[in-house]
Amino acid sequence: MKFSITKDKLVENVNHVMKAVSSKTTIPILTGIKITASHDGITLTGSNSDISIKSFIPLEENDEEYATIEKTGSVVLQARVFSDIVKKLPSEFVNIEVDSRLITRITSGSSEFNLNGLDAEEYPRLPLIEEGNVLHVRTDLLKHVIRQTGFAVSTSETRPVLTGVNWNIQNGNLNCVATDSHRLASRTISIDADENAEYKNIVIPGKSLNELSKILDDSSGEWVEIVITESQILFKTKHLQFYSRLLDGNYPDTNRLIPTESKTDIILSTKALLQAIDRASLLAKEERNNVVKFRTLEDSIEISSQSAELGRVFENVELQSLEGEELKISFSAKYMIDALSRIESQEIRISFTGAMRPFLIRPVEDEGILMLILPVRTY
């Protein structure tokens, strides 16, 4: 194998596939990146037991030349070392040549590295996914959905299914739900899918979605193709394939958690509430559970928190409207900040059903987003 490539393009694509390479793996060859040069371009592959990423670099695109291939072939190189080397190479072009013993010579400017390669035939094959029902989602929309739900997954492995985001697809709508049993985030969007396409209980690891979101370029206006099988999901863009395994087990029925009526409803500015809770949490952080107290007044709410060592803080936030009973409630400042910072609407409606019942946060003008938080018992 022998080719030359622009350094920037190589670094960008190595960074993509590195997200799937784990240093802790029982299969030694998976600590490497597989590099394949074919007549139409160069493909890089990284994989671990959960995700696999395949990134393609065309020879040229939009009148820009990225690579020239002298001899096709493939090799697997130790990922960490290869990644560090390409980032620090001195020239804007990189030449890579592999001999019959898989010794790989990397030259750039006055710099030359010789790395011991591994046989690409021993690299595990990526899952073959039959593309039956393909779903299409705009890249920027998919990134929003991941951001607005992925934060609420559980970080505890005691119930592995809760470390994922549950996707359900029906009637051209995608509903994504994540919960760690103390809070919940849900987002529904319409997607471009076959009318008959129906998927239930597709649980995608939160970590996989987080890595996918980092790679997706939302400025390109591209669409992502999504293919779902029993145990895998594949996200495809023009030059990228991102495979993730799905989590086993039945996701709990979260609809039962969502209250249908409320005793107190308030509407107020998202930003004003977020900033007030952020300030109150400065003292709450010192305490074990980061709790902020909240009570309704006539036309405002009072937010307070206290620390035995540091002192206390009070702040009033003006309300646009208040309906229903007076209320005192306490909750985790962190959970509230996480939820509010992901709502892009200027005003939110919060619906309470009592001091010890979960409460709902929704943007005023968007029914597709819903956040739920369980209160903390202090009052």
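Just so it is clear, the structure is predicted and the values come from calculations on it, not from any experiment.

Enquirer: Whenever I open this one, the sheet that holds strand β20 (residues 264–269) confuses me. Can you help?
Expert: In a beta sheet, neighbouring strands pair by backbone hydrogen bonds and run either parallel or antiparallel. Spatially, nine strands are ordered β16-β13-β14-β15-β28-β27-β26-β20-β24 in an open sheet, and the strand pairing comes out antiparallel. Bordering the open sheet on either side are β16 (199–205) and β24 (321–324), each of which pairs with just one other strand. Adjacent strand axes in the sheet meet at a mean angle of 20°, parallel and antiparallel pairs treated alike. The pairing of strand β14 (residues 173–179) with strand β15 (residues 183–190) spans seven bridges and is antiparallel. The partner of Val177 across the bridge, within β15, is Ser186. Sitting on the sheet, helix α4 (residues 206–215) touches β13 (164–170) and β16, and the angle it makes with β16 is about 75°. Strands β20 and β26 (347–352) of the sheet are contacted by helix α5 (residues 270–284), whose axis makes an angle of about 95° with β20.

Enquirer: Looking at this model, I keep getting lost on helix α1 (residues 7–18). Mind explaining?
Expert: Because each turn of an α-helix spans 3.6 residues, side chains separated by three or four positions in sequence point in the same direction. In this model α1 runs 16 Å from its N-terminal to its C-terminal C-alpha over twelve residues, within 8% of the 16 Å that 1.5 Å per residue would give. Lys7, Lys9, Leu10, Val11, Asn13, Val14, His16, Val17 and Met18 are the residues of α1 that are buried.

Enquirer: Is there a simple way to think about a negative patch on the surface in this case?
Expert: Residues Glu60, Asp63, Glu64 and Glu65 make up a contiguous surface patch of negative charge. Structurally, the position occupied by Asp63 is in the loop between β5 (60–61) and β6 (64–65).

Enquirer: Sorry, what's going on with the pattern of salt bridges here?
Expert: Note that side chains of opposite charge can pair when their charged atoms are close. Enumeration over the complete set of coordinates arrives at 18 salt bridges. Of the charged contacts in the structure, one is a salt bridge between Lys9 and Glu12, with a shortest N-O distance of 3.8 Å. Remark: Glu12 and Lys9 occur in helix α1; sequence separation between them is three residues, near one turn of the helix. Given the relative accessible area of 17%, Lys9 is considered buried. Here Arg105 and Glu112 are joined by a salt bridge, their closest N and O atoms 3.6 Å apart. The class of Arg105 is partly exposed, set by a relative accessible area of 35%. Taking the relative accessible area as the measure of exposure, Glu112 reaches 48% and is therefore partly exposed. Several salt bridges share partner residues, and in doing so they unite Asp180, Arg183, Lys334 and Asp338 into one network.

Enquirer: Would you mind showing me how to read unusual backbone geometry here?
Expert: With glycine set apart, most residues show a phi of negative sign, and most peptide bonds adopt trans. A positive phi angle, close to 50°, is found at Asn62, a residue other than glycine. Residue position: Asn62 is located in the loop between β5 and β6. The class of Asn62 is exposed, set by a relative accessible area of 69%. Positive phi, normally seen in glycine, also occurs at Ser181, with a value near 75°. Within the secondary structure layout, Ser181 lies in the loop between β14 and β15.

Enquirer: Would you take a moment to explain the side chain of Thr353 for this structure?
Expert: Residue position: Thr353 is located in the loop between β26 and β27 (359–363). Of note is the side chain of Thr353, whose polar atom sits 3.5 Å from the backbone oxygen of Pro358. Sequence-distant contacts of Thr353, defined by excluding residues within four places in its chain, comprise Pro259, Glu261, Ser262, Lys263 and Pro358.

Enquirer: What is the right way to read the packing of aromatic side chains from this model?
Expert: Here a ring pair, both rings aromatic, is described through the centre-centre distance and the interplanar angle of the planes. Applying the stated rule across the entire model yields six aromatic pairs. An angle of 85° between the planes, with centres 6.0 Å apart, marks the rings of Trp167 and Phe235 as edge-to-face. Taken together, the residues Trp167 in strand β13 and Phe235 in strand β18 (residues 232–236) connect sequence positions 68 residues apart. Here the aromatic rings of Phe294 and Phe352 are separated by 5.5 Å at their centres, their planes lie at 50°, and the arrangement is tilted. Here Phe294, found in strand β21 (residues 291–296), pairs with Phe352, found in strand β26; they are 58 residues apart in sequence, far enough to count as distant. For Phe352, a relative accessible area of 1% translates into the label buried.

How each quantity is defined
- Residues numbered from 1 in each chain as written.
- Predicted model: local features only at pLDDT ≥ 70, side-chain atom pairs only at ≥ 80, totals over all residues.
- Heavy atoms only, no water.
- Pairing = 2+ DSSP bridges.
- Helix = DSSP H or I, 4+ residues; strand = E, 2+ residues; numbered from the N terminus.
- Axes fitted to C-alpha atoms, helices over the stretch in contact; angles between N-to-C directions.
- Contact = heavy atoms within 4.5 Å.
- Expected span 1.5 Å × (residues − 1).
- Buried < 20%, exposed > 50% of the residue type's maximum accessible area, 1.4 Å probe, protein only.
- Patch = residues over 30% accessible without salt bridge, like charges linked within 9 Å, V, L, I, M, F, W, Y side chains within 5 Å.
- Areas by Shrake-Rupley, 256 points an atom, 1.4 Å probe, with all protein chains shown as cover.
- Salt bridge = Lys/Arg side-chain N within 4 Å of Asp/Glu carboxyl O.
- Lys, Arg positive; Asp, Glu negative; His and termini not counted.
- Charge placed at Lys NZ, Arg CZ, Asp CG, Glu CD.
- Polar contact = N/O pair within 3.5 Å; in protein donor to acceptor, adjacent residues only side chain to side chain.
- Phe/Tyr/Trp six-rings, centres within 6.5 Å; stacked < 30°, edge-to-face > 60°.

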